[in-house]
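Summary of the model geometry
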Amino acid sequence: MTTETTAPAARAVHASEAPSTLLARPGGPPVVELAGDLDREVLAGLATRLEALADRHDVVVLDAAAVTFADSDFLRLLVGMRRRTDLRVAAPSRVVSRLLRLTGVPAAVSAATPRERG
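This one's a predicted model, so the numbers in the text were calculated from it and none came from an experiment.

1. A word on the environment of Leu-22
Structurally, Leu-22 can be placed in strand 2 (residues 20-24). Separated by 12 residues in the primary sequence, Leu-22 and Leu-34 place their C-alpha atoms 9.0 Å from one another.

Right, dumping it as structure tokens:
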């Protein structure tokens, strides 16, 4: 599922195969809004998008409020991207919060500030 939306002071830039929307905000880091199940198939497209963003930005924000499924493949992606850019997770859903808490990954992933969340 691919969506494009416009948020206040944000513009949808493009969509990929991942269930996500990329928002570009003047003066702020790019925000990738994630939604639905983040399974292995979906994460391949998301990884490509995040790698491209990491090459151009010092900070990348993932809005994980609408994530309904995430597993160790998602964790692997988070940790790997953390090595390339300052990856921050905004508003993690219950599923993401629980996964991070149970695995001890929160220490490796920064929380986004309210301004970065949009």
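Having seen it, we continue.
2. Focus: the pattern of salt bridges
All told, the structure shown has 5 salt bridges when counted by the stated rule. Residue Asp-86 is joined to Arg-82 by a salt bridge in which the shortest nitrogen-to-oxygen separation is 2.9 Å. A network of salt bridges, in which partner residues are shared, links Arg-40, Asp-73 and Arg-76.

3. What to know about the pairing of strand 4 (residues 59-70)
Regular strands place side chains that alternate from one sheet face to the opposite one. Here 7 bridges tie strand 3 (residues 31-38) to strand 4, and the two strands are oriented parallel to one another. Across the sheet, residue Gly-36 finds its bridge partner in strand 4, namely Val-67. In this region the chain leaves strand 3, passes through helix 1 (residues 40-56) and returns to the parallel neighbour strand 4; the handedness of that crossover is right-handed. Sheet topology note: the strand 4/strand 5 (residues 86-90) ladder contains 5 bridges and is parallel. Among the inter-strand pairings, Val-61 is bridged to a residue of strand 5, identified as Arg-88. Each parallel crossover has a hand, and for strand 4 linked through helix 2 (residues 72-82) to strand 5 it is right-handed.

Thresholds, definitions, all that
- Residues numbered from 1 in each chain as written.
- Predicted model: local features only at pLDDT ≥ 70, side-chain atom pairs only at ≥ 80, totals over all residues.
- Heavy atoms only, no water.
- Helix = DSSP H or I, 4+ residues; strand = E, 2+ residues; numbered from the N terminus.
- Salt bridge = Lys/Arg side-chain N within 4 Å of Asp/Glu carboxyl O.
- Pairing = 2+ DSSP bridges.
- Right-handed = clockwise from strand over helix to strand, strands pointing away.

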